[in-house]
Amino acid sequence: MMCRLAAKEISQLKPRLDAKNIRFVAVGLEELGVEEFVKGEFFSGELYIDLKKECYKKLGFSRMNLFSAIGSVLGKHGRNAISESKEKKTGGNLAGDSFQNGGSLVVDKGGKVLLTYRQEHPADHVDLNEVLKSLGMEGDLGNKSANAEVAAMECNEEACALPSK
């Protein structure tokens, strides 16, 4: 649920990244739900799966325990993200490994890390303006969760799309 929302939001950067020939890659942690995730077009870049979670471990992405996971979902930040997911009709469930936090990396062609973002809670995700800034790209997307273009998306059980003009 929260992963879909974050993937949909960061995917709005894809046209700008494409214009600069910048690869846009995500690494998931399990196969459960991938088919539905891909079919729903929640992420617009390349998608890979790390079944052993090696990259998550090496990047220092934390795992929650049962108590911190429940607190994260039931806390204000989590409730807001769930409401936003419902509002944007991204759907989803809590099946699979809900204890693994992720993050975002921006890496240049030479391998230099330009931005590292690690989730503290499942509802956290990188500020899109910080991604653009790390790439030397101008632009203000406003609040990372309130971009007008994403807010205008119309979603059903199969996919999300911008309304026709």
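Remember, predicted model here, so these are calculated numbers, not experimental data. (Residues numbered from 1 in each chain as written. Predicted model: local features only at pLDDT ≥ 70, side-chain atom pairs only at ≥ 80, totals over all residues. Heavy atoms only, no water.)

Colleague: What is the right way to look at the packing of aromatic side chains in this model?
Modeller: Pairs of aromatic rings are described using the distance from one ring centre to the other and the angle between the two planes. By the definition in use, this model includes 3 aromatic pairs. Plain terms: the ring middles of Tyr56 and Phe61 are 5.9 Å apart, the flat faces sit at 75° to each other, and that makes the pair edge-to-face. What makes Tyr56 buried here is its relative accessible area of 7%. (Phe/Tyr/Trp six-rings, centres within 6.5 Å; stacked < 30°, edge-to-face > 60°. Buried < 20%, exposed > 50% of the residue type's maximum accessible area, 1.4 Å probe, protein only.)

Colleague: Where do I start with the nonpolar core in this structure?
Modeller: Looking at soluble globular proteins, one finds that nonpolar side chains tend to be buried together. Ile10, Leu13, Phe43 and Val131 are the most contacted members of the largest nonpolar core, which totals 17 residues. Counting only elements with at least two residues in this core, the list comes to helix 1 (2-10) and helix 7 (128-134). For this core, the leading source of residues is helix 7, giving 3 residues. (Core = buried A, V, L, I, M, F, W, Y, C linked by side-chain atoms within 4.5 Å. Helix = DSSP H or I, 4+ residues; strand = E, 2+ residues; numbered from the N terminus.)

Colleague: I would appreciate a short explanation of unusual backbone geometry in the present structure.
Modeller: Among all residues save glycine, negative phi is the norm, and among peptide bonds the norm is trans. Phi is positive for Glu41, which is not a glycine, with a value near 55°. Relative to the assigned elements, Glu41 resides in the loop between helix 3 (34-39) and strand 2 (46-49). A positive phi angle, close to 60°, is found at Lys53, a residue other than glycine. Within the fold, Lys53 resides in the loop between strand 2 and helix 4 (54-58).

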